[in-house]
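# Descriptive structure summary
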Amino acid sequence: MICCGLLTSGKVPVPLKSVEVELEVRDHVATVVSTLNYENKEDKPLEAVFVFPMPGDAAVCHFSATIGQTQIVAEVKEKQKAREEYDDALSSGQQAFLLEESDQSPDIFSLSVGSLPPGESASIRLEYVTELAVQADEGLRFILPAVLNPRYHPQGSAGGIESNCPLDPLEYLNTEQSQATVKLAAGHKFDRDVELLIYYKDAHQPTAVVEAGQTSAKSGTLMGDPVVMLSLYPEFPQAVMSSLASCGEFVFLLDRSGSMQRDRIKSARDTLLLLLKSLPMGCFFNIYSFGSSHEHIFPKSVEYSQETMEEALKKVGEMEANLGGTEILRPLKDIYSHACIPNQPRQLFVFTDGAVGNTKEVINLVKKNSGSHRCFSFGIGEGASSALINGLAKEGGGHAQFITGTDRMQPKVMQSLRFALQPAVVDISVKWDLPKEVSVSVLSPPITSLFQGQRSLIYAQLTGQSPEAAEGSVTVKYSLAGHPSQNKLHFSLKPAEDSGLMVHRLAARTLIRSLEMEEMERRGQPDEGVEKKVVELSVQSGVSSTFTAFIAVNKGNGETIQGPLIFRWANF
């Protein structure tokens, strides 16, 4: 990953002047505020474009720029209108800033900074909220790109924090040890991503957070009504779990493109080898690998035995990242073209760094075939695409893992295998029990998969006035291996204090993503109604989408910036 910064006329990266990042965690949600400070050291006005990653499910909800003493807060507008406004501002000599999401991948953003005068400094502030994934060891994982410098403020019942980088000692902020702060140790060189693992006491406790609506928003709208975020942890009956049979067809898909060279291909091989040695006897398996072309070890899936395992181990051990580009669609289509083996549920395991340009198309293909298999994904190496890895698992009814080294690899691998051996949970339904004055509109897509002890999130809009001290409940019913089961959660309808609008923004992001996926599935037959709904929701909530962008123009005192505009391109 290239460090961010301006590029000189000689194509030499110039570091940002300074970067500040604050991270606040409440329950399973992180609020991240990044401030990027830089100055134009060229002798002419500058336009710079920064391309940088964000978590694929992040809700980008604030973007502002400060030039001198002037602060400009960006607005969310329809993307084409925002681009035209940006171009018009540049052509008239005004300063302008444009933040937009990639059309192909929701975890890539570009920030255009236009008409910055020579010697002028600018400060860019970005804010987003994102859900934190639960790891195999029950820690919550947060990744920060190497260029950023965090100050950390967890809230809740904190149990501890770990990092792949040196930290100052953890400081608790109250006697209940429910709030704590930690900083990176002095002298950190930012030569790698910063990974933080947060451990809560009672991490698997189901929770509900009700957030009051925005007072300035109209009742009956998403932002005007209260929104509830439910964190559910299904616990399956032990008698059912202990009697489950171990079978299945395991199809492994290994990325051998050029971007997987060195440590990444070794990490992918080690992960796959561990899985191969752990499969149950009598199951079926095959191994595909891909780059610009794709290969398979066996013409079709074979029964797992000592002989076939040893043959596969030998061939996997010889695999290198030497197949060129990252053409993942073709091998996926090849795999889906083979009929499933009767009474052997297909489980697809994908190992990749996610360096593809058609993320949404790949995820859509997996979703279309989700009825015939489950997809378990492994993001290999630092900077692996969270949008692709999480998207494959979410739409494929599986589970996602991120492998950044040998640390904690074994429990992650074994957890995914354990989930794959668990029969699919079917007939999932969610029933709400609320006061008669309150109605509910579920904003999340239907739950399609459940795993023992893994979190499922549900966002819902609550309309109507609830009595004081009112309570509600939600019941999740499902069937596992023919055994009906249910889990119930009671919760207070009283809004949480000081939660801001983080739940509303994540709920808006969830609904926006569902609508965007619906539009993607139309394949060349766009529905203007869906796009219009996404734009309206994005503008109303202040959360970015595929069809919108943040635009800020500094109209100042009306003076134009003199001189030809220099264009510079840089990556985060």
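Now for a description of the structure that goes with this document. Everything quoted here is computed from the prediction, not taken from an experiment.

## Focus on the sheet that holds strand 28 (residues 426-433)
- The strand order 28-31-32 describes an open sheet built from three strands, whose pairing is antiparallel. Either end of the sheet is taken by a strand with one partner, and the two such strands are strand 28 and strand 32 (483-492). Each strand axis lies, on average, 15° off the axis of its neighbour in the sheet, ignoring direction.

## What to know about the nonpolar core
- Within the largest apolar cluster, 43 residues are counted, with the highest numbers of intra-cluster contacts made by Phe63, Phe97, Leu99, Ile124 and Phe142.
- Ignoring any residue separated from it by four or fewer positions in sequence, one finds Phe63 in contact with Ile72, Val73, Ala74, Phe97, Leu98, Leu99, Leu111, Ile124, Arg125, Leu126 and Phe550.
- Core analysis: the next-biggest nonpolar cluster, separate from the first, contains 36 residues, Ile265, Met309, Ala312 and Leu417 among them.

## Observations concerning the packing of helix 3 (residues 263-278) against helix 8 (residues 409-421)
- In the contact formed by helix 3 and helix 8, the axes pass within 10 Å of each other and the chain directions differ by 50°. Of the possible angle classes, the one that applies to helix 3 and helix 8 is oblique. Considering the relative orientation of helix 3 and helix 8, their crossing is right-handed. Contacts between helix 3 and helix 8 involve Ser267, Asp270, Thr271, Leu274, Leu275 and Ser278 from the former and Met409, Gln410, Val413, Met414 and Leu417 from the latter.
- A class-by-class count of the residues in the contact of helix 3 with helix 8 yields six nonpolar, four polar and one charged.

## Notes on the pattern of salt bridges
- Going through the model one piece at a time under the given rule, you end up with 13 salt bridges.
- Here Glu24 makes a salt bridge to Arg26, at a shortest N to O gap of 3.1 Å.
- Owing to a relative accessible area of 29%, Glu24 belongs among the partly exposed residues under this scheme.
- By relative accessible area, Arg26 is classed as buried at 19%.
- Between Glu100 and Arg83 there is a salt bridge, with its nearest N and O atoms 2.9 Å apart. With Glu100 in strand 9 (residues 95-101) and Arg83 in helix 1 (residues 79-91), the pair connects residues that are 17 residues apart, well separated along the chain.
- For Arg83, a relative accessible area of 30% gives the class partly exposed.

## Here's the deal with the pairing of strand 3 (residues 18-26)
- Note that strand 3 and strand 4 (residues 29-39) share nine bridges and pair antiparallel. The partner of Glu22 across the bridge, within strand 4, is Val33.
- Between strand 3 and strand 4, which pair antiparallel one after the other, the connecting turn spans two residues, and Asp27 there sits at a positive phi close to 50°.

## Let's talk about unusual backbone geometry
- A positive phi angle is found at Arg262, which is not glycine, with a value near 60°.
- Counting through the fold element by element, Arg262 comes out in the loop between strand 21 (249-255) and helix 3.
- For Arg262, a relative accessible area of 67% corresponds to the exposed category.

## A short note on helix 8
- Under the 1.5 Å per step criterion, the end-to-end length of helix 8 is 19 Å for 13 residues, consistent within 8% with the ideal 18 Å.
- If you check which residues of helix 8 are buried, you get Met409, Lys412, Val413, Gln415, Ser416, Leu417, Phe419 and Ala420.
- Residues of helix 8 that are buried sit in contact with strand 21, helix 3, strand 25 (346-352), strand 26 (374-380) and strand 27 (400-403).

## Digging into the pairing of strand 25
- Most of strand 25 is tucked away: seven of the seven residues are buried.
- Both faces of strand 25 are covered, namely the face carrying Arg346, Leu348, Val350 and Thr352 and the face carrying Gln347, Phe349 and Phe351.
- Sheet topology places strand 21 next to strand 25; six bridges connect them, and they run parallel. If you follow Phe252 over to strand 25, its bridge partner there is Phe349.
- Sheet analysis places strand 25 next to strand 26, joined by six bridges and oriented parallel. Within the sheet, the bridge partner assigned to Thr352 lies in strand 26 and is Gly379.
- In this region the chain leaves strand 25, passes through helix 6 (residues 359-368) and returns to the parallel neighbour strand 26; the handedness of that crossover is right-handed.

## Overview of the side chain of Arg256
- Within the secondary structure layout, Arg256 lies in the loop between strand 21 and helix 3.
- Given a relative accessible area of 7%, Arg256 falls into the buried group.
- Among the polar contacts made by the side chain of Arg256, one reaches the side chain of Ser289 at a distance of 3.1 Å.
- Residue contacts for Arg256: discarding those within four places in its chain leaves Ile265, Ser289, Phe290, Glu295, Met319, Glu320, Ala321, Asn322, Leu323 and Gly324.

## A few points about the sheet that holds strand 19 (residues 207-211)
- On the basis of which strands lie adjacent, the open sheet formed by four strands has the order 19-20-30-29 and antiparallel pairing. Looking at the sheet topology across the chains shown, the edges are occupied by strand 19 and strand 29 (439-442). Taken over all neighbouring pairs, the strand axes of this sheet differ in orientation by 25° on average, direction set aside.
- Packed on one face of the sheet, helix 9 (residues 502-520) meets strand 19, strand 20 (227-232) and strand 30 (456-463) and runs near 80° to strand 20.

## Looking at the packing of aromatic side chains
- By the definition in use, this model includes 13 aromatic pairs.
- Aromatic side chains Phe285 and Tyr304 sit 5.6 Å apart centroid to centroid with 75° between the ring planes, which places their arrangement in the edge-to-face category. Taken together, the residues Phe285 in strand 22 (residues 284-290) and Tyr304 in the loop between strand 24 (302-303) and helix 4 (306-317) connect sequence positions 19 residues apart. For the pair Phe285 and Tyr304, a shared accessibility class is recorded, and that class is buried.
- Seen from their ring centres, Phe349 and Phe376 are 5.2 Å apart, and the 20° between their planes marks the pair as stacked. Residue Phe349 is located in strand 25, and its partner Phe376 is located in strand 26; the two are separated by 27 residues in the primary sequence. Of the two residues examined, Phe349 and Phe376, each falls in the buried class.
- Ring pairing ties together the aromatic residues Phe250, Phe252, Phe349, Phe351, Phe376, Phe378, Phe419 and Phe451, which thus form one cluster.

What counts, and at which threshold
- Residues numbered from 1 in each chain as written.
- Predicted model: local features only at pLDDT ≥ 70, side-chain atom pairs only at ≥ 80, totals over all residues.
- Heavy atoms only, no water.
- Pairing = 2+ DSSP bridges.
- Helix = DSSP H or I, 4+ residues; strand = E, 2+ residues; numbered from the N terminus.
- Axes fitted to C-alpha atoms, helices over the stretch in contact; angles between N-to-C directions.
- Core = buried A, V, L, I, M, F, W, Y, C linked by side-chain atoms within 4.5 Å.
- Buried < 20%, exposed > 50% of the residue type's maximum accessible area, 1.4 Å probe, protein only.
- Contact = heavy atoms within 4.5 Å.
- Parallel < 35°, antiparallel > 145°, perpendicular 65-115°, else oblique.
- Left-handed = near helix turned anticlockwise from the far one by under 90°.
- Nonpolar A, V, L, I, M, F, W, Y, C, P; charged D, E, K, R; others polar.
- Salt bridge = Lys/Arg side-chain N within 4 Å of Asp/Glu carboxyl O.
- Expected span 1.5 Å × (residues − 1).
- Right-handed = clockwise from strand over helix to strand, strands pointing away.
- Polar contact = N/O pair within 3.5 Å; in protein donor to acceptor, adjacent residues only side chain to side chain.
- Phe/Tyr/Trp six-rings, centres within 6.5 Å; stacked < 30°, edge-to-face > 60°.

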